[in-house]
Structures are given as C-alpha cells and as structure tokens.
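Topology and contacts: notes
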Amino acid sequence: MESDTARTVDPLIDLRGAGRHYEIGGRTLKALDEVSLTVSAGEFVVILGPSGSGKTTLLNLIGALDTPTVGSVVIAGEDLAESSRADLFALRRHRIGFIFQTFNLFPGLTALENVRFGGDIAGRSDAAEAAMGVLGRVGLGDRADHFPHELSGGEQQRVAIARALVAGNPVVLADEPTGELDFQTGVQILELLHEVTHTAGTAVLIVTHNREIARVADRIVELSSGRIESDRPNEPADMAELHW
Ligand SMILES: Nc1ncnc2c1ncn2[C@@H]1O[C@H](COP(=O)(O)OP(=O)(O)O)[C@@H](O)[C@H]1O
Ligand SMILES: [Mg+2]
C-alpha cells in the first residue's frame with residue numbers, strides 16, 4: 001500500500017450511521033450511538049465532547065482498532081465490516097497514525113528507536129533517517145538517545161507524535177493529545193499537528209473535552225451521548241489567543 005495514493009480517496013473518512021453498541025446484562029449500552037461523518041484530506045478537525053460522550057470509541061473505529069456494530073465505517077476506501085483481521089492490520093500500518101492519550105512509548109527504547117519503530121511497522125526502508133528527520137521537526141533532535149523516563153511529559157508526547165507521523169500515513173488521530181500537558185507545550189503540539197495537516201495534506205482528527213482547544217480547528221464536531229450534535233466550520237483562532 002502507498003499512502004500517497006490513499007490521499008486521492010475522497011472522503012478519506014466516511015462513517016454512515018456508525019455505532020458501537022455493547023450488550024450487557026440483557027441491556028444495550030451505546031458507547032457510540034450513531035454517527036455520520038465524512039472527512040477529507042487536509043482537514044484539521046476537532047471532535048469536542050464531555051467525558052463519556054463516545055470520543056474514544058469513535059476514534060477507535062476511525063483508527064480501525066475496533067469495528068462498528070451498526071452502520072458502516074469506510075477508511076481510505078476500505079469498509080471495516082468487510083475487512084479481515086489482516087486487512088485491518090494493514091490499514092492501521094499504512095493509513096493511520098494514532099497518538100494515544102497515554103503516549104504508549106516503549107520504556108526500553110530511546111526516543112529515536114521509538115520513532116523508528118513507527119517507520120519500521122509501516123515498512124519504510126528509510127525508517128532510520130526518516131525517524132531522525134521527524135524527531136528534529138518536533139524539536140527533539142538533541143534528545144534522540146534519551147529514554148522516555150529521561151524526558152518530560154511534553155517531550156514524551158512529542159515522541160509519540162513523531163512516531164505517529166513518521167509513517168507519513170494520510171490519517172492522523174489524536175486522543176486528548178494535550179490532556180496531560182502544560183499550556184505552553186500543549187500549544188506547541190497543536191501547532192505541530194496543524195502544520196502537518198496543511199503541509200502534508202493529512203486528515204488530522206483530535207478529540208478533546210476542552211472547548212478552548214477546539215478553537216484551533218478548521219472544523220468542530222460536537223459529540224453528545226454518542227451522537228453528533230453539531231458539525232460546523234471554524235475560523236481557527238490564533239494560538240497566541242488560547243488559554244486553558
Ligand atoms: N468496552 C466497553 N464496554 C462497555 N461500555 C463501554 C466500553 N467502552 C466505552 N464504554 C462506555 O461508552 C461510553 C463512551 O465511552 P468513551 O468512548 O470512552 O467516551 P469518552 O472518550 O468521550 O470519554 C461511556 O459511558 C463508557 O463507559
Ligand atoms: Mg476518551
């Protein structure tokens with residue numbers, strides 16, 4: 001699979017009535033009730049919603065970490081419901097960069113090795129050089145040989161972002177990426193994701209409960225009780241104006 005060809009699939013993300021329902025004790029719990037959403041290459045979208053509104057469940061569906069129990073999820077032209085486990089694995093490798101809320105760095109690998117792992121998984125033959133290049137772009141060129149425990153929370157998050165970006169995949173998903181970070185570092189992270197969207201034509205989706213963070217988006221999708229409450233374009237605020 002070549003990521004570059006995926007960018008020509010439009011929309012890159014296409015959900016129709018997609019939901020994730022759990023049967024628990026004879027009752028149906030709708031972690032995600034029903035969502036219809038399309039996102040194209042080059043869009044910087046914030047999914048805003050309170051805790052428990054279904055943000056992580058939605059992101060996991062878009063990231064092919066889970067499959068819908070109702071409706072359809074089509075990512076870069078691939079319908080998850082019709083995909084085998086091997087197809088889903090390939091989709092995650094070649095189409096999606098996932099930035100987890102808790103970073104999920106490998107403690108025994110250096111910053112550079114963590115990032116390189118992202119390139120290796122995606123099958124980049126130039127993973128070593130690419131990893132160094134992306135580490136430089138997130139401002140950690142001089143921390144390449146440090147282990148995660150030798151880095152601050154913000155630096156660890158930047159390594160996690162570099163790992164998600166090194167594959168050059170067309171969809172980048174971030175679950176509350178600024179959650180644990182101080183304001184200054186959070187703004188740097190958002191600026192970085194914003195730049196990637198506009199320079200590489202990546203579709204970037206950030207989920208957050210923080211209304212202030214949503215102001216940086218080109219588009220804000222509000223989620224409430226597993227449904228989209230509103231979906232509107234947004235004039236991105238100057239990062240310097242943000243406060244949280
Ligand atoms: N595996 C699961 N089994 C049962 N309920 C779940 C599961 N995952 C999430 N939920 C429930 O679905 C709702 C949405 O969860 P989640 O997507 O994690 O929300 P958010 O990320 O917006 O806080 C919550 O009420 C949560 O408890
Ligand atoms: Mg969540």
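Computed from a predicted model, the values in this text were never measured in an experiment.

What follows is about the overall build of the chain. Helices and strands together make up the secondary structure of the chain, namely eight helices and 10 strands. The C-alpha radius of gyration computed for the chain amounts to 17 Å, which stays within 12% of the reference 18 Å derived for 244 residues, consistent with globular compactness. Seen along its three principal axes, the alpha-carbon backbone of the chain occupies a region of about 50 × 40 × 40 Å. The contacts in the chain between residues at least 6 apart in sequence include a share of 72% that link residues at least 24 apart.

Tracing the chain through its elements places glutamate 212 in helix α8 (residues 211-214). Looking at glutamate 212, its side chain comes within polar contact range of the side chain of arginine 215, at 2.9 Å.

Near ligand 1 the following residues occur: Tyr22, Ile24, Leu29, Ala31, Pro50, Ser51, Gly52, Ser53, Gly54, Lys55, Thr56 and Thr57. Contact distances for ligand 1 include 3.3 Å between a nitrogen atom and a side-chain N or O atom of tyrosine 22. Between ligand 1 and glycine 52, the relevant distance is 2.7 Å, taken from an oxygen atom to a main-chain nitrogen or oxygen of the residue. Here ligand 1 has 560 Å² of accessible area as a free molecule, and 61% of this is covered by the chains. Elements supplying a minimum of two residues to the shell around ligand 1: β1 (13-24), β2 (27-39) and α2 (55-62). Looking at which element gives the most residues to the shell around ligand 1, the answer is α2, with three residues.

Attention now moves to the packing of helix α4 (residues 111-121) against helix α6 (residues 153-165). Where α4 contacts α6, the two axes come as close as 7 Å, and the packing angle between them is 30°. By the criterion of interaxial angle, the relationship of α4 to α6 is roughly parallel. Where α4 crosses over α6, the two elements pack in a sense that is right-handed. Residue-level inspection shows Ala111, Asn114, Val115 and Gly118 of α4 in contact with α6, the latter providing Val159, Ala162 and Arg163. Classifying every residue of the contact of α4 with α6 gives four nonpolar, two polar and one charged.

Below, the discussion takes up the packing of α4 against helix α5 (residues 127-137). Between α4 and α5, the shortest axis-to-axis distance is 8 Å and the interhelical angle comes to 125°. Regarding the angle of α4 to α5, the classification is oblique. Judged by the sense of rotation from one axis to the other, the crossing of α4 with α5 is right-handed. Residue-level inspection shows Ala111, Leu112, Val115, Arg116, Gly119 and Asp120 of α4 in contact with α5, the latter providing Ala127, Ala128, Ala131, Met132 and Leu135. Taken together, the residues of the contact of α4 with α5 sort by class into eight nonpolar, one polar and two charged.

Mapping aspartate 33 onto the fold places it in strand β2. On the basis of relative accessibility, which here comes to 14%, the residue aspartate 33 falls in the buried class. Polar contacts involving the side chain of aspartate 33 include one to the side chain of arginine 227, which spans 2.7 Å.

This part covers the nonpolar core. Judged by nonpolar contacts, the single largest core of 42 residues is most densely connected at Leu193 and Ile206. For this core, the elements supplying multiple residues, two or more each, are β3 (44-48), α4, α5, α6, β7 (171-175), α7 (183-200), β8 (203-208) and α8. The next biggest cluster of nonpolar side chains, apart from the first, holds 30 residues, and it includes Leu15, Val35, Leu37 and Leu91.

A few words now on the packing of aromatic side chains. Evaluated as defined, the whole model comprises two aromatic pairs. Taken together, a centroid distance of 4.6 Å and an interplanar angle of 20° make the contact between phenylalanine 98 and phenylalanine 100 stacked. Considering the side-chain rings of phenylalanine 106 and phenylalanine 117, the 4.8 Å spacing of their centres and the 70° angle between planes classify their relative orientation as edge-to-face. One end of the pair, phenylalanine 106, is in the loop between β6 (96-99) and α4; the other, phenylalanine 117, is in helix α4, with 11 residues separating them in the sequence. Relative accessible area serves as the criterion here: at 33%, phenylalanine 106 is assigned to the partly exposed category. The partly exposed category is assigned to phenylalanine 117, whose relative accessible area is 34%.

Parameters at a glance
- Residues numbered from 1 in each chain as written.
- Chains lettered and ligands numbered in written order.
- Predicted model: local features only at pLDDT ≥ 70, side-chain atom pairs only at ≥ 80, totals over all residues.
- Heavy atoms only, no water.
- Helix = DSSP H or I, 4+ residues; strand = E, 2+ residues; numbered from the N terminus.
- Rg over C-alpha atoms; globule rule 2.2 N^0.38 Å.
- Contact = heavy atoms within 4.5 Å.
- Polar contact = N/O pair within 3.5 Å; in protein donor to acceptor, adjacent residues only side chain to side chain.
- Near = heavy atom within 4 Å.
- Areas by Shrake-Rupley, 256 points an atom, 1.4 Å probe, with all protein chains shown as cover.
- Axes fitted to C-alpha atoms, helices over the stretch in contact; angles between N-to-C directions.
- Parallel < 35°, antiparallel > 145°, perpendicular 65-115°, else oblique.
- Left-handed = near helix turned anticlockwise from the far one by under 90°.
- Nonpolar A, V, L, I, M, F, W, Y, C, P; charged D, E, K, R; others polar.
- Buried < 20%, exposed > 50% of the residue type's maximum accessible area, 1.4 Å probe, protein only.
- Core = buried A, V, L, I, M, F, W, Y, C linked by side-chain atoms within 4.5 Å.
- Phe/Tyr/Trp six-rings, centres within 6.5 Å; stacked < 30°, edge-to-face > 60°.

Bear in mind that shape data such as this cannot, by itself, settle questions of function.
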